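Here are the chains, one letter per residue:
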Amino acid sequence: MIAIDLGSNTVRVLAYDCKSEKQLYGYEKVVKTADGLAEFGTINDAAVQRVIATLKVAQSQLDFSKHDIRAVTTEAVRRASNSTDVLSKIKKATGVDFEIITGEEEARLTLLAVQNRLKKLHYASDTFVLVDIGGGSTELIFHYGEETVSKSFPVGIVTIAQSYENLDNIEKALPREMLDMQRFCAEMYATQGKPSSFVATAGTPTTVAAMKLGFNYETYDAHKINGTALLKDELDFYLKKLLDMPFDEREIAVGTGRSDLIAAGILIYKQLYTLLEFNKCVVVDDGLREGVALDMCHKI
């Protein structure tokens, strides 16, 4: 089966075998779906064409007709006033029919993937808070044994990066932009208590973990990223390291067109450490795409 996640920044495609529980094919590309969304409220045609081109590359490498497919899309398309037209164009050009899912469904599927990975890592923690820092939104998922409470917030690396002129302005604005997150965290801690651990997924945490392990965008190895621990103080170190690189080196380190977004993402990520009162975080590569695949397998 094939699971596709059209995020606010990236398209991620996965072919997954339910019996062996193994990935048969994986492909992802930065398409900046949310480019200009903060300013205009729409997804522009250039972004649509990037999505179409990326799906066609995947289709040239993998026969989509031989698989069951579930394609989901998230905050950028949820928020865009032209979402119906956008998805219609993509379906007409590629045959892929995307489903706009809610923030709650996005959180449920992401949690499914992360729990599966933590189990494989033998990571024992009955309670944890999971953050999924996307291009257009951030999901906070509090998992207390049998009970899970999640909420989606419209704060993402693309929309934040494009709403403010520079990193200094972003850093000053984040306490205000993330005030609703702070209130939600305070409410959860007051009613349920502080979870025992902090887990993060999506591009920003995994990119910082890759830098820590000495990988660049081309040599990235998800298996080695999974389970990497990041300390809060390390974020300042790797942000400075990224900003001190010549532009060409940055592009190699974190991927073409990603450096400004990753820098903004690191500031969001650092603020989350503060809100959640943690100094250490465990990084997991698996996210929504893997959750969609696992959910499909469970329904067979």
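In the block above lies the structure referred to throughout.
Every value quoted in this text rests on a predicted model; they were computed, and no experiment measured them.

Colleague: Could you give an account of the sheet that holds strand β5 (residues 98-100), naming the residues involved and the relevant values?
Modeller: The strands that make up a sheet are held in pairs by hydrogen bonds between backbone atoms, and each pair lies either parallel or antiparallel. The mixed open sheet is built from five strands, whose spatial order is β3-β2-β1-β4-β5. Looking at the sheet topology across the chains shown, the edges are occupied by β3 (22-30) and β5. Ignoring strand direction, the axes of neighbouring strands in this sheet form an average angle of 20°.

Colleague: Explain the state of the cysteines to me, and be specific about the residues and the numbers.
Modeller: Cysteine pairs can be covalently joined through their sulfur atoms, and such a bond is termed a disulfide. Within this structure, the stated rule accounts for one disulfide. Put simply, C18 and C297 are joined by a disulfide, and their sulfur atoms are 2.0 Å apart. Taking the sign of the torsion about the S-S bond as the criterion, the disulfide between C18 and C297, at about -80°, is left-handed. Here C18 is found in the loop between β2 (10-17) and β3, whereas its partner C297 is found in helix α14 (residues 288-298), with 279 residues between them in sequence. This cysteine, C281, is not joined by any disulfide, and C185 carries the nearest cysteine sulfur, 13 Å off.

Colleague: Lay out the nonpolar core with the relevant residues and their values.
Modeller: Ranked by internal contacts, the top residues of the largest apolar core, which has 80 residues, are I4, I90, F142, Y269 and L276. Of all the elements, helix α13 (residues 259-276) adds the most residues to this core, at 12 residues. With residues up to four places along the chain from it excluded, the contact list for F142 reads F128, V129, E147, T148, V149, F184, C185, M188, Y189, P195 and L276.

Colleague: Describe in detail the environment of Q61, supporting the description with residues and values.
Modeller: Mapped onto the elements, Q61 comes out in helix α2 (residues 45-61). On a C-alpha basis, the gap between Q61 and Y25 in space is 9.0 Å, while along the polypeptide they are 36 residues apart. In this structure, Q61 is in contact with Y25 and Y27, ignoring residues within four places of it in sequence. A distance of 2.6 Å separates the side chain of Q61 from the side chain of Y25, its partner in a polar contact.

Colleague: Provide a residue-level description of the pairing of β3, including the pertinent values.
Modeller: Here β2 pairs with β3 via eight bridges, running antiparallel. Paired with T10 across the two strands is V30, which belongs to β3. With antiparallel pairing between neighbouring strands as the criterion, β2 and β3 make up a hairpin whose turn holds four residues, including E21 at a positive phi of roughly 55°.

How each quantity is defined
Residues numbered from 1 in each chain as written. Predicted model: local features only at pLDDT ≥ 70, side-chain atom pairs only at ≥ 80, totals over all residues. Heavy atoms only, no water. Pairing = 2+ DSSP bridges. Helix = DSSP H or I, 4+ residues; strand = E, 2+ residues; numbered from the N terminus. Axes fitted to C-alpha atoms, helices over the stretch in contact; angles between N-to-C directions. Disulfide = S-S within 2.5 Å. Core = buried A, V, L, I, M, F, W, Y, C linked by side-chain atoms within 4.5 Å. Buried < 20%, exposed > 50% of the residue type's maximum accessible area, 1.4 Å probe, protein only. Contact = heavy atoms within 4.5 Å. Polar contact = N/O pair within 3.5 Å; in protein donor to acceptor, adjacent residues only side chain to side chain.

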